[in-house]
Amino acid sequence: MYAQMVKSEGSNEKHTEQDTAFQARIDAGEKIEPKEWMPEGYRRTLIRQIGQHAHSEVVGQLPEGNWITRAPTLERKANLLAKVQDEAGHGLYLYCAAETLGVSRDELYDMLHSGKMKYSSIFNYPTLTWADMGAVGWLVDGAAIMNQVPLQRTSYGPYARAMVRVCKEESFHQRQGFHIMMTMCNGTDDQLRMAQDALNRFWGPALMMFGPSDENSVHSAQNMAWKIKMNSNDELRQKFVDETVPQAEYLGLSVPDDTITWNEERGHYDFAEPDWNEFFEVLKGNGPCNTERLEARKNAWDEGAWVRDAMMAHAEKRAQRKKMAG
Amino acid sequence: MSALFQFLLRQGDNTLVLGHRVSEWCGAAPALEEDIALANTALDLIGQTQMWLGYAAEIEEAGRTADDLAFLRDAYDFRNLLLLETPNRNFGHTLLRQFLFDAYQVPLLASLESSTDQRIADIATKAGKEAQYHLERSQDTVIALGDGTEQSHTIMQDALNRLWSYTGEMFESDIVDEAMTANGIAPDPTSLRDVWNTTVDAALKLADLKAPEDNFAHKGGKNGRRHTEHLSHMLSTMQVLQRSYPGASW
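Residues numbered from 1 in each chain as written. Chains lettered and ligands numbered in written order. Predicted model: local features only at pLDDT ≥ 70, side-chain atom pairs only at ≥ 80, totals over all residues. Heavy atoms only, no water.

## Looking at the pattern of salt bridges
Residue and element names in this part refer to chain A. Under the definition given, this model contains 27 salt bridges over all chains. Residue Lys-284 is joined to Glu-281 by a salt bridge in which the shortest nitrogen-to-oxygen separation is 3.4 Å. Within this pair, Lys-284 and its partner Glu-281 are both found in helix 11 (residues 276-286), separated by three residues, close to a single helical turn. Take Glu-281: its relative accessible area is 33%, and that puts it in the partly exposed class. Several salt bridges share partner residues, and in doing so they unite Glu-64, Lys-83, Glu-87 and Asp-141 into one network. (Salt bridge = Lys/Arg side-chain N within 4 Å of Asp/Glu carboxyl O. Helix = DSSP H or I, 4+ residues; strand = E, 2+ residues; numbered from the N terminus. Buried < 20%, exposed > 50% of the residue type's maximum accessible area, 1.4 Å probe, protein only.)

## Quick notes on empty space enclosed by the protein
One pass over the structure, following the stated rule, counts six cavities of 30 Å³ or more. Put simply, the largest cavity is a space of about 120 Å³. Contributing to the lining of the largest cavity are 14 residues, with Phe7(B), Gln11(B), Tyr104(B), Asp177(B) and Lys222(B) lying nearest its centre. For the lining of the largest cavity, the leading source of residues is helix 1 (residues 3-23) of chain B, giving four residues. Its residues assigned to classes, the lining of the largest cavity comprises eight nonpolar, two polar and four charged. Approximately 90 Å³ is the volume attributed to the second largest cavity. Around the second largest cavity sit Glu64(A), Arg76(A), Asn79(A), Leu80(A), Lys83(A), Trp130(A), Met133(A), Gly137(A), His173(A), Gln176(A), Gly177(A) and Ile180(A), which together line it. Counting only elements with at least two residues in the lining of the second largest cavity, the list comes to helix 4 (74-99), helix 6 (131-151) and helix 7 (157-185) of chain A. Grouping the amino acids of the lining of the second largest cavity by side-chain chemistry returns four nonpolar, five polar and three charged. (1 Å grid on protein atoms, 1.4 Å probe; cavity = no way out; pocket = protein on both sides within 12 Å on 5 of 7 lines; lining within 4 Å. Points joined across faces, edges and corners; volume = space filled by probe spheres on them. Nonpolar A, V, L, I, M, F, W, Y, C, P; charged D, E, K, R; others polar.)

## Re the environment of Phe202(A)
Within the secondary structure, Phe202(A) is located in helix 8 (residues 189-208). Along the primary structure Phe202(A) and Asp132(A) are separated by 70 residues, whereas in three dimensions their C-alpha atoms are 8.3 Å apart.

## Thoughts on the packing of helix 6 (residues 118-147) of chain B against helix 9 (residues 193-207) of chain B
Residues and elements named next belong to chain B. Contact geometry for helix 6 and helix 9: axes closest at 7 Å, N-to-C directions at 35 degrees. Contacts between helix 6 and helix 9 involve Leu-135, Gln-139, Val-142, Ile-143, Gly-146 and Asp-147 on the former and, on the latter, Thr-199, Ala-203, Leu-206 and Ala-207. Residue composition of the contact of helix 6 with helix 9, by class: six nonpolar, three polar and one charged. (Axes fitted to C-alpha atoms, helices over the stretch in contact; angles between N-to-C directions. Contact = heavy atoms within 4.5 Å.)

## Things to note about the interface of chain A and chain B
Facing the 48 residues of chain A at the interface are 48 residues of chain B. For the pair chain A and chain B, the summed buried area comes to about 3900 Å², and 70% of that belongs to carbon and sulfur atoms. The largest contributions to the chain A side of the interface with chain B come from Leu74(A), Gln85(A) and Trp306(A), which together make up 21% of the buried area. Here Arg321(A) ties to Asp147(B) by a salt bridge, and the two come within 2.6 Å at their closest N and O atoms. Put simply, chain A and chain B have 13 residue pairs in polar contact (both at pLDDT 80 or more) between them. (Buried area = accessible area lost by both parts, 1.4 Å probe. Polar contact = N/O pair within 3.5 Å; in protein donor to acceptor, adjacent residues only side chain to side chain.)

Right, here's the structure in full:
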């Protein structure tokens, strides 16, 4: 899940007749389109959620980019390049979806760079070995899919449509990641060790991607009523654990949680909560890579300013010349 | 080392080394569209590398694969142009390097499409479409950045001054090229110069950039005699896993 703990802006607003009619449209399964009336809270909440999602795609290039130059075969290098290219593309659709709500990409970047907007906590963890490219695809893309598949039915048209395309590519990434893990697990002792180490480090952070339990959250209730959020965090986390534990078994890896057991009665795996203190520290900026990730994005933006300025100046000059000639 | 094998290494090493350099931009481009375009260019080049080095490995008949050639040769066995191993430095430098190469690669691949070697003709046909697109983009970007602002113009002129002495190597002909030309496998590199000049002169004019008058050319990449210091650093990164864990499958 690339959007965590998205606060709803709607909870404090007074409900008007227009709000009631709007909610009725959503309840009837209609899509809300950019130029139609929507409550201000709905619009602002969506900007926050789509923006956070877009930022996650863009920052998400960095931990993988860390291994593109060290990919061990030409095929893996090509796959990884294709994957980060897809991610940048997802960022682009999502920023475009946000633009339909009246916020520009540059404004969203400013909010990211100044720390006013977040990206998913998962990208504040380092990628230390090649097995992390497997673990990120398998677990991180796997967790993202859990959230994004239902979001294909979200109430806001442009967001729902962006998700359809994103989901197709994400499931391909997840299979690629799992394939890397499989190759490592069937490889040498060193490779198996790398694979286990990657799972050990990414398991907790992957569970945290869904956010803390929101059973009693008013924000979540409002967002679910608006169909901006489709499932509770616990529901999605459980689904992820249920799907992932057998996959880890298949790989011959141990999930780093001694309490994991199949609960016949519930029809689900029981598992331990991740370390939520760590999660809140990461959100506060104390994750292992928060500083580097934000710095890398800010540097890219600042160092690229002359290019963007030049492109604009060139476009203006061209238009001017055309006018003079015409 | 057969002439054909060397010729194929030259093609594959060019695309590998440039593809690697371009891939170093991941997540650091001036705009999201440029991130996508750079990753796409790198991806095309790595795909072309698989074809060139794959064929080279078959011709060699020594049981090596494309990956062995990419990841287990040292700098002195690489046969890429020196131009392509120069560091990225900045976005302008990267795109100008790309343009100077694309302007050579497009006519080269066009000519290779009628190679007497069918495999080479097939690779060239596929790679040619990608190279044409790379050229359009790098040319437009070089023109825009040269023409843009005073600052961008200065950056581009500096990049041109710095890269110019690495362009002459593309048109050097040696015994490998002679053998390829004699068998109708590939054109004589010197024959590509006129087209290249036309493309480059036209773009530089629109970009308001001036090529240095000194036409000195650094050589030693395509024959492997003397690479720059940059190549072995690149390889130490690129090859780290294959070198650290010999024999492992990935």
